[in-house]
Amino acid sequence: MALAAEPVAPKVRFATSEGDFVVEVYPDKAPKTVENFLQYVKDKHYDGTIFHRVINNFMVQGGGYDGAYAEKKTRAPVAHEGREALARGGPKNVAGTLAMARTNDPDSATAQFFINVKDNDFLNPSALAPGYTVFGKVTSGMDVVNRIKSVPTGSGGPFPSDVPKTPVIIKSATLLP
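Keep in mind the model is a prediction, meaning the values are calculated, not measured.

Peer 1: Help me understand helix H1 (residues 31–42) in this model?
Peer 2: An α-helix turns once per 3.6 residues; consequently, residues spaced three or four apart project the same way. A rise of 1.5 Å per residue sets the reference length of H1, with its 12 residues, at 16 Å; its end C-alpha atoms lie 16 Å apart and thus fit the reference within 8%. Of the positions making up H1, those classed as buried are Thr33, Val34, Asn36, Phe37, Leu38, Tyr40 and Val41. Lysine 44 occupies a position one or two residues after H1 and carries a positive phi of about 60°.

Right under this line is the structure:
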């Protein structure tokens, strides 16, 4: 009896001013989140955005602001899938994973994402907290992500802290064949 093949995880290459990295995403774990993210990639939303929040021992966040700190227009928020993704065997918020950024409202994620640069157990969904939906992971170029997490930061645009002093630009995000 043949075993069913594992579904192929779509991959996206991010070309940044610090180098390239590739992420794979898991539509079988967080289908709405992945569909939302991939639509932003196809729409070229991420091209020309910056990593506007970089915290060395936590995460790097981007996908929402251009180089002049203007917030890019987004589509309607995606429903939070954190608990469902974990129940389907998806990864937790560990180093190298990709998760959606959001406000205090769990159902507020739009385009911004973050990459965990360490294990952040406190971000995982639980019975008491919705946590953050992990929907993929870095498969190559983690050295680039580690370079980004180490850039000097300070205030920038509307943000009082954690902004790279030299902008880290996402030149392009491309769905790989």
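Peer 1: I would appreciate a short explanation of empty space enclosed by the protein in the present structure.
Peer 2: The method is simple in principle: a probe with the dimensions of a water molecule rolls over the atoms, and the space it marks as empty is what remains. Applying the stated criterion across every chain, the model contains 2 cavities of 30 Å³ or more. Approximately 60 Å³ is the volume found for the largest cavity. Contributing to the lining of the largest cavity are Thr33, Val78, Ala79, His80, Glu81, Met100, Ala101, Arg102, Pro106, Ala109, Tyr132 and Thr133. Residues belonging to the lining of the largest cavity are distributed by class as follows: 7 nonpolar, 3 polar and 2 charged.

Peer 1: Teacher, can you tell me more about the environment of alanine 79 here?
Peer 2: Along the chain, alanine 79 turns up in the loop between strand S4 (59–66) and helix H2 (82–87). Taking the relative accessible area as the measure of exposure, alanine 79 reaches 34% and is therefore partly exposed. Excluding anything up to four places from it in sequence, alanine 79 contacts Lys32, Thr33 and Asp107.

Peer 1: For this particular structure, what's the right way to read the pairing of strand S6 (residues 113–116)?
Peer 2: Of the two faces of S6, the one holding Phe113 and Ile115 and the one holding Phe114 and Asn116 are both buried throughout. Where strand S5 (residues 97–100) lies against S6, 3 bridges are found, and the strand directions are antiparallel. In the sheet register, alanine 99 faces S6, and the bridge partner there is phenylalanine 114.

Peer 1: Looking at this structure, I do not really get the nonpolar core. What am I missing?
Peer 2: Generally speaking, nonpolar side chains in soluble globular proteins are found buried as a group. If you look at the biggest cluster of nonpolar residues, it comprises 33 residues, and the most contacted ones within it are Phe14, Phe21, Phe37, Tyr46, Phe51 and Phe113. At 5 residues, the largest contribution of residues to this core is made by H1. Among residues more than four places away in sequence, those in contact with phenylalanine 37 are Val12, Phe14, Val25, Tyr46, Leu98, Phe113 and Phe135. The next biggest cluster of nonpolar side chains, apart from the first, holds 7 residues, and it includes Phe58, Met59, Ala99 and Leu123.

Cut-offs applied
- Residue positions are counted from 1 within each chain, in the order its sequence is given.
- Per-residue local features are limited, in this predicted model, to residues with pLDDT of at least 70; the limit for side-chain atom pairs, both in listing and counting, is 80 or more; totals at the level of whole chains, interfaces and linings are taken over all residues.
- Hydrogens and water molecules were not included; the side-chain quantities draw on all heavy atoms of the structure.
- Only DSSP runs of H or I covering at least 4 residues are called helices, and only runs of E covering at least 2 are called strands; the numbering of each starts at the N terminus.
- Helix span, as expected, comes to 1.5 Å for every residue beyond the first.
- Burial here depends on accessible area, computed with a 1.4 Å probe over protein chains only, as a share of the maximum for the residue type. Under 20% is buried, over 50% is exposed, and the range in between is partly exposed.
- Only protein atoms enter the 1 Å grid used here. Points where a 1.4 Å probe fits but cannot escape make up a cavity, open sets with protein on both sides within 12 Å along at least five of seven lines make up a pocket, and a residue lines them when an atom lies within 4 Å of a point.
- Grid points are joined across faces, edges and corners, and a volume is the space filled by probe spheres set on the points.
- Side-chain classes follow a simple rule in which Ala, Val, Leu, Ile, Met, Phe, Trp, Tyr, Cys and Pro form the nonpolar group, Asp, Glu, Lys and Arg form the charged group, and the remainder, Gly included, forms the polar group.
- Should any heavy atoms of two residues lie within 4.5 Å, those residues are counted as being in contact.
- Pairing between two strands requires that DSSP report at least two bridges joining them.
- Buried Ala, Val, Leu, Ile, Met, Phe, Trp, Tyr and Cys residues form a nonpolar core when they are joined through side-chain atoms within 4.5 Å.

So far we have only geometry, and geometry alone does not tell us how the molecule works.
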